[in-house]
Amino acid sequence: VTVQKLKMKTPKNTEPEYAHSLPDHAKKEQIRMLSLAAALLGTLVAYGVFQERIMTVPYGPGGDLFTFSLAAVFFNRLVTVIV
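Criteria and thresholds
- Residues numbered from 1 in each chain as written.
- Predicted model: local features only at pLDDT ≥ 70, side-chain atom pairs only at ≥ 80, totals over all residues.
- Heavy atoms only, no water.
- Helix = DSSP H or I, 4+ residues; strand = E, 2+ residues; numbered from the N terminus.
- Buried < 20%, exposed > 50% of the residue type's maximum accessible area, 1.4 Å probe, protein only.
- Areas by Shrake-Rupley, 256 points an atom, 1.4 Å probe, with all protein chains shown as cover.
- Polar contact = N/O pair within 3.5 Å; in protein donor to acceptor, adjacent residues only side chain to side chain.
- Salt bridge = Lys/Arg side-chain N within 4 Å of Asp/Glu carboxyl O.

1. Considerations on the overall build of the chain
Next, step 1: When its secondary structure is counted, the chain shows two helices and zero strands.
Next, step 2: Counting all 83 residues of the chain, 2% fall into the buried class.
Next, step 3: Accessible area for the chain stands at about 8,300 Å²; split by element, carbon and sulfur atoms hold 67% of it.

2. Concerning the side chain of Asn76
Next, step 1: In this structure, Asn76 sits in helix α2 (residues 69-82).
Next, step 2: The exposure class of Asn76 is buried, given its relative accessible area of 18%.
Next, step 3: Separated by 2.7 Å, the side chains of Asn76 and Tyr47 make a polar contact.

3. What to know about the pattern of salt bridges
Next, step 1: A complete count under the given rule lists one salt bridge for this structure.
Next, step 2: For Arg32, the salt bridge is made with Glu29, and the minimal N-O distance between the two is 3.4 Å. One end of the pair is Arg32 and the other is Glu29, both in helix α1 (residues 24-56) and three residues apart, which spans about a single turn.
Next, step 3: Overall, the relative accessible area of 47% leaves Arg32 in the partly exposed class.

Structure representation (structure tokens):
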């Protein structure tokens, strides 16, 4: 009687096939969400730059500075409510 050794073939990649690949609609959704997040962050950065410029750059013939920051915050909130 001869004993034959059985060699088990182990797969090279033991992870499921779907682990590294997403369906097309999921990839599109990820790209969409990343784009929206980038747009939101870009808008906030632009708003901060504009607000800083309004508060620090002199305007008018007398070179006055904008000192009533409460008005800037109020109009910001007003526009936010309207939009």
